[in-house]
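For reference, the chains in residue letters:
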Amino acid sequence: MIGLRMCLPNMKIQKNQALILKSMEHPDTKKPILWPGRTCCFVPANLPLIVGMILTKQTPANLLFWHWTNQTYNATLNYGNRNATAGSNNKELLMAYAGAASTAIAVALGIRGIANKILPKNMSRGTQIITNAFVAGAASSSAGFINLYIMRSPEMKKGINLLDKEQNPIDPSLKSIVAAKKAVVSSALTR
């Protein structure tokens, strides 16, 4: 920090510190987001999950474990980055989590079952890894869509606040269902 102070004016350091602190705070609740729920954690948290989904032997138990673990992390990330102005209850969150985890597991087991029937039993290790990556990608993306869509469905039912250029609510009593649907669907499609 001392070297940084020599190179940068004090105002710039304070501004950077403020931005770092703000990135740890949920914009709606003003409470800190737990580390696994922050977007900066996405890559470090997903690396072991991806390795596990692709490189482990594709038994039903391994598929169940790795896709359940992945969806548990995705639920944490979606919860940490939700729009809290719409509110949600534990039942809705549990339904989203169960829907996503069961979707991931069902898609992974289904595609793996089809792959086992049509692919030769003595595949090379490279072909196995490519097949595993396809299974993991299809299961994770479909479950990620379901997870985000269900977890953020209260926003689409209740609406979200409209914000001005400074990110302040225009009228806290006014909620937009149209903006909420657009936000949720555009986020879900990125999965």
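Residue positions are given per chain, counted from 1 along the sequence in the order it is written. A pLDDT threshold of at least 70 governs which residues receive local features in this predicted model, and a stricter bar of 80 or more applies before side-chain atom pairs are shown or counted, although totals over entire chains, interfaces and linings include all residues. Side-chain metrics rest on all non-hydrogen atoms present in the structure, leaving aside hydrogens and water.

Participant: Please explain the overall build of the chain as it appears in this structure.
Facilitator: The secondary structure content of the chain amounts to eight helices and two strands. We compute the radius of gyration from the C-alpha atoms alone; for a globule the expected value is 2.2 Å times N to the 0.38, where N is the number of residues. Its C-alpha atoms give the chain a radius of gyration of 21 Å, more than 25% over the compact-globule value 16 Å for 191 residues. In terms of overall dimensions, the chain has a C-alpha envelope of 65 × 50 × 25 Å along the principal axes. Note that accessible areas follow from Shrake-Rupley with a 1.4 Å probe, and for residues the cover is restricted to the protein chains shown. Of the accessible surface of the chain, which amounts to about 11,800 Å², a share of 68% is contributed by carbon and sulfur atoms. The convention is simple: Lys and Arg are positive, Asp and Glu are negative, and His and the chain ends are not counted. Think of each charge as sitting on NZ of Lys, CZ of Arg, CG of Asp or CD of Glu. Here the chain holds 22 positive side-chain charges and 7 negative ones, and the gap between their average locations is 15 Å. A run of DSSP states H or I qualifies as a helix once it reaches four residues; a run of E qualifies as a strand once it reaches two. Both are numbered from the N-terminal end.

Participant: Help me out: how do you make sense of the packing of helix α4 (residues 60-80) against helix α5 (residues 90-118) in this one?
Facilitator: For any two helices packed against each other, one specifies the inter-axial angle together with the distance between the axes. Interhelical geometry of α4 versus α5 gives an angle of 145° and a closest axis separation of 9 Å. Crossing of α4 over α5 shows right-handed handedness. Here α4 contributes Pro60, Leu63, Leu64, His67, Trp68, Gln71, Thr72, Ala75 and Tyr79 to the contact with α5, which in turn contributes Leu93, Tyr97, Ala100, Ala101, Ala104, Ile105, Ala108, Leu109 and Arg112. Among the residues forming the contact of α4 with α5, the class breakdown is 14 nonpolar, three polar and one charged. Axis lines are fitted to C-alpha atoms, over the contacting stretch for helices. Their N-to-C directions set the angle, which ranges from 0 to 180 degrees. In a left-handed crossing the near helix is turned counterclockwise from the far helix by less than a right angle, and in a right-handed crossing that turn is clockwise. Contacts are assigned to residue pairs that have any heavy atoms within 4.5 Å of one another. Side-chain classes follow a simple rule in which Ala, Val, Leu, Ile, Met, Phe, Trp, Tyr, Cys and Pro form the nonpolar group, Asp, Glu, Lys and Arg form the charged group, and the remainder, Gly included, forms the polar group.

Participant: Help me understand the packing of aromatic side chains, please; the structure alone is not making it clear to me.
Facilitator: How two aromatic rings sit relative to each other is set out by the distance from centre to centre and by the angle between their planes. Here the aromatic set is Phe, Tyr and Trp, taking the six-membered ring for Trp, and pairing holds for ring centres within 6.5 Å; pairs whose planes are under 30 degrees apart are stacked, those over 60 apart are edge-to-face, and all others are tilted. Counted by the stated rule, this structure contains three aromatic pairs. Ring geometry for phenylalanine 65 versus tryptophan 66: centroids 5.0 Å apart, planes at 80°, classification edge-to-face. For the pair phenylalanine 145 and tyrosine 149, a centre-to-centre distance of 5.8 Å together with 10° between the ring planes defines the contact as stacked. Of the two residues, phenylalanine 145 and tyrosine 149 both sit in helix α6 (residues 125-151), four residues apart, roughly one turn of that helix. Taking the relative accessible area as the measure of exposure, phenylalanine 145 reaches 29% and is therefore partly exposed. A relative accessible area of 35% places tyrosine 149 in the partly exposed class. Think of it in three bands: with a 1.4 Å probe and only protein chains considered, a residue is buried below 20% of the maximum accessible area for its type, exposed above 50%, and partly exposed in between.

Participant: Please explain the state of the cysteines as it appears in this structure.
Facilitator: What is meant by a disulfide is a covalent connection between two cysteines, made through their sulfur atoms. By convention in this document, the label disulfide applies to cysteine sulfur atom pairs within 2.5 Å. In total, this model carries zero disulfides according to the counting rule given. Note on cysteine 40: no disulfide assigned, nearest cysteine sulfur contributed by cysteine 41 at a separation of 6.4 Å. Given a relative accessible area of 53%, cysteine 40 falls into the exposed group. Residue classification places cysteine 41 among the buried residues on the basis of a relative accessible area of 1%.

Participant: Could you clarify how one ought to interpret the side chain of asparagine 70 in this entry?
Facilitator: Mapped onto the elements of the fold, asparagine 70 is located in helix α4. For asparagine 70, the residues in contact, after removing those within four places along its chain, are Asn46, Leu49, Met53 and Ser140.

Participant: Which parts of the structure should I look at to understand α5?
Facilitator: An α-helical segment advances 3.6 residues per turn. Residues three or four places apart therefore align on the same side. Take the number of residues in a helix, subtract one, and multiply by 1.5 Å to get its expected span. Taking 1.5 Å of rise per residue, 29 residues should cover 42 Å, and α5 covers 42 Å from first to last C-alpha, within 8% of that figure. Every buried residue of α5 is listed here: Glu92, Leu93, Ala96, Gly99, Ala100, Ala101, Ala104, Ile105, Ala108, Ile111, Arg112 and Ala115. Its buried side turned inward, α5 meets α4, α6 and α7 (153-158).

Nothing here speaks to function; it is geometry throughout.
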